[in-house]
Amino acid sequence: MNRLLVGALALALGAIPATAQSLEDLNIQIHGYATQGFLYTTQNNILTTNSSNGSPAWSEAVVNITSQPTPKLHVGVQARYFLLGNYGNAITLDWAAADYKASDKFGVRFGKVKIPSGLLNEIQDIDPSYTWSLLPQSVYPISSRNSALAEYGGVVYGTLKLGPKLGKLEYRGWGGEIAIGPNDGYWVTFKEEGIALTNGLNGVSSGTALHWKTPVSGLMLGASYTRLNKSSSPFVDTYVVPAGPSTGVTITTPGALVLNAINEPDFFGRYEKNRFMIAGEYERESAIVLLNGLSPYPERSDSRPWYGMTSYKVTDKLTAGVYTTQDVNHQSTLGPARYFKDWAVSGRYDFNSFLYAKAEQHFINGTAVGYDAALNPPTVALPTGLQPSTRLTILKIGVSF
Amino acid sequence: MKKLLFALLLAASASIFVVQVKAQVIVIANPSVKASEVSKNDLKEVFTGASTSIGGGNVVPILLKAGTVHEEFLQAYIGKNDTAYRAGWRSLVFSGQASMPKSLEGEAAVVEFVAHNAGAIGYIGKATPHEGVKVLSIK
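About the cut-offs
- Residues numbered from 1 in each chain as written.
- Chains lettered and ligands numbered in written order.
- Predicted model: local features only at pLDDT ≥ 70, side-chain atom pairs only at ≥ 80, totals over all residues.
- Helix = DSSP H or I, 4+ residues; strand = E, 2+ residues; numbered from the N terminus.
- Rg over C-alpha atoms; globule rule 2.2 N^0.38 Å.
- Buried ≥ 20, exposed ≤ 12 C-beta atoms within 10 Å, placed from the backbone.
- Arc of directions from axis to C-beta.
- Contact = placed C-beta atoms within 7 Å.
- Nonpolar A, V, L, I, M, F, W, Y, C, P; charged D, E, K, R; others polar.
- Pairing = 2+ DSSP bridges.
- pLDDT = per-residue confidence, 0-100.

Draft legend 1. Local environment of the overall build of chain A. Tallying secondary structure elements over chain A gives 4 helices and 21 strands in all. For a compact globule of 401 residues, the expected C-alpha radius of gyration is about 21 Å, and chain A comes in at 22 Å, within 12% of that figure. Taken along the three principal axes of its C-alpha coordinates, chain A extends 75 × 50 × 40 Å. Relative to its 401 residues, chain A shows a buried fraction of 40%.

In structure tokens:
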């Protein structure tokens, strides 16, 4: 309820100066995009789809309405339909915010706002804005992106000129509440283990980011630091007895998920010159999740994911790119489940300003990212249900206006 | 040999023509804009949404919807074609950071809008009548 009030307040404040103006003066705009993807894998099923048989279960549609009643004030709201295998299949609020930019040095945005961490977090769910079909999954996992995309709170931002030979420094600072709904794709693997979070998970998030636009034209170096405070939520643990005299009996136990505080430093850089772009990012994320239920146990992770990517605009309409990425969970036992390594080769063709198509090939080793148990059931020959390597082919078409 | 000379002559003429076309795009601003000149980098930042000021004063970029002058401006000062340029703005629009700049049909409409709106800045062909606006020189 409080979050609804924040959103309503943001829009209402934005609308006050708007009421006295004509619709033309309000500069009301409606924009949107839609994408349809197709996945095919040679080994495991990936991203909760039946990809080994070829799966079209990847659709997104986004629409927003914005208004700029004065040059310094911008208000808007954006909704999204997202489906990827068993993730999503729901319409959600991307953001709803009022933004007041007093000058290049200082601006503030509040409501439900995108979190400006890392190199690509603000645009990681905006398919028309990049070459790739899937961003490096070690840093930007699509399965759990909702937990990092937006928060109910505010962002302050601005750009400071450092001097004629020192470039510019862009700063961002944010704080608010992250809310992951009970049916969010983030919980798919929990549900498959019989754990249903009745209220989802809410937590206080804050952070800061600096982007240094260096005196070298096209070179940006940056760092961000994100903190998610300790949070907890009740869950229901359902266990079906698999064998013995009580076979089939369902045992239901209430419990509580406790997520200890997460601190996430992130370092990144990008260089662009004419048709060429190269970028990289490294982050550190360690977490402890306590599942206090029928059989309490802590789940620890300590990941240091990174990627390096480059792209080249071959013609005005065709862009080609390649990236490599790795994620190793140093708390995990040795084996393919400990790591995720991926080489991706991608091409994007823009038919015009509105319509584009993408094709992408992934060479994945390790199973630490992107897999669920339900669609990769264990067998006698394959107790984990997963092959150590997967080849993933993606085709995608998109339209935006 | 004659064919080769003819081809070279044609290529040289074409390059001269391109230079002349580039020189024909001018940047105009509402008289309220205090600056009389702007660096190529500052112009690029304003028209890509990275900045909203020139010389300390707020400005609002105005675009042409399409056409030779539009493409010429983008190539000369932004370094992108229309598709890549608008894709950059869409990143800002879909992440809630900005609204798409107003795009107008025709250079006369750009002159009209820039002349009557404080802080407006646009671009037109040099030959287009532009009373009521000031021309910014590019550093």
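Having seen it, we continue.
Draft legend 2. Just helix H3 (residues 68-78) of chain B, in detail. Residues and elements named next belong to chain B. All of the buried residues along H3 are Val69, His70, Phe73, Leu74 and Tyr77. Relative to the axis of H3, the buried residues are bounded by an arc of 135° and lie together on one face. Looking at the packing, one finds that the buried side of H3 touches strand S1 (25-29), helix H2 (40-47), strand S5 (60-64), helix H4 (82-94), helix H5 (107-116) and strand S7 (120-125).

Draft legend 3. How the structure looks around the interface of chain B and chain A. Contacts between the two partners involve 22 residues from chain B, matched on the other side by 29 residues from chain A. The element that contributes the greatest number of residues to the side of chain B that touches chain A is H4(B), accounting for 8 residues. Each residue belonging to the side of chain B that touches chain A can be placed in one class, and the counts come to 6 nonpolar, 12 polar and 4 charged.

Draft legend 4. Structural context of the environment of Val236(A). Residues and elements named next belong to chain A. One can find Val236 in strand S11 (residues 231-240). Look at Val236 and you get partly exposed, because 14 C-beta atoms sit within 10 Å. Along the primary structure Val236 and Gly293 are separated by 57 residues, whereas in three dimensions their C-alpha atoms are 8.1 Å apart.

Draft legend 5. Layout of the pairing of strand S4 (residues 87-103) of chain A. Residues and elements named next belong to chain A. With 12 bridges joining them, strand S3 (residues 73-84) and S4 adopt antiparallel strand pairing. From the neighbouring strand, Tyr81 faces S4, where its bridge partner is Ile91. Connecting S3 to the next strand, S4, in antiparallel fashion are 2 residues, including Gly85 with a positive phi near 55°. Across 7 bridges, the pairing between S4 and strand S5 (residues 106-114) is antiparallel.

Draft legend 6. Structural detail: the sheet that holds S5(B). All names here are of chain B. Here we have 6 strands laid out as an open sheet, ordered S2-S8-S1-S7-S5-S6, and mixed in their pairing. Looking at strand neighbours, the two that pair on one side only are strand S2 (37-38) and strand S6 (102-104), the edges of this open sheet. As paired strands, S5 and S6 are joined by 3 bridges and run parallel to one another. If you follow Ile62 over to S6, its bridge partner there is Lys102.

Draft legend 7. Molecular detail of the environment of Gly321(A). All names here are of chain A. Here Gly321 lies in strand S18 (residues 318-328). Among the residues examined, Gly321 registers 19 C-beta atoms within 10 Å and is labelled partly exposed. Residues contacting Gly321, with those up to four places away along its chain left out, are Thr131, Trp132, Met309, Thr310, Ser311 and Ser346.

Draft legend 8. Examining the confidence of the model for chain B more closely. Residues and elements named next belong to chain B. Taken residue by residue, chain B gives an average pLDDT of 86. The fraction at 70 or more is 83%. Across residues 11-21, where pLDDT falls below 50, the model places 1 contact with residues more than four positions away in sequence or in other chains. Predicted complex metrics record ipTM = 0.86 and pTM = 0.86.

Draft legend 9. Structural view of the environment of Pro388(A). Residues and elements named next belong to chain A. The topology assignment puts Pro388 in the loop between strand S20 (355-365) and strand S21 (389-400). C-alpha separation for the pair Pro388 and Asp372, spaced 16 residues apart in sequence, amounts to 14 Å. Residues contacting Pro388, with those up to four places away along its chain left out, are Pro336, Asn365, Gly366 and Thr367.

Draft legend 10. Spatial organisation of the confidence of the model for chain A. With 93% of its residues at a pLDDT of 70 or more, chain A has an overall mean of 88. Note that pLDDT drops below 50 for residues 8-21 of chain A; the model gives that stretch 21 contacts with residues more than four away or on any other chain.

Draft legend 11. Structural view of unusual backbone geometry. All names here are of chain A. The residue Asn89 is not glycine, and still its phi comes out positive at about 55°. Along the chain, Asn89 turns up in strand S4. Despite not being glycine, Asn274 shows a phi value in the positive range, around 50°. Residue position: Asn274 is located in the loop between strand S13 (262-273) and strand S14 (276-283).

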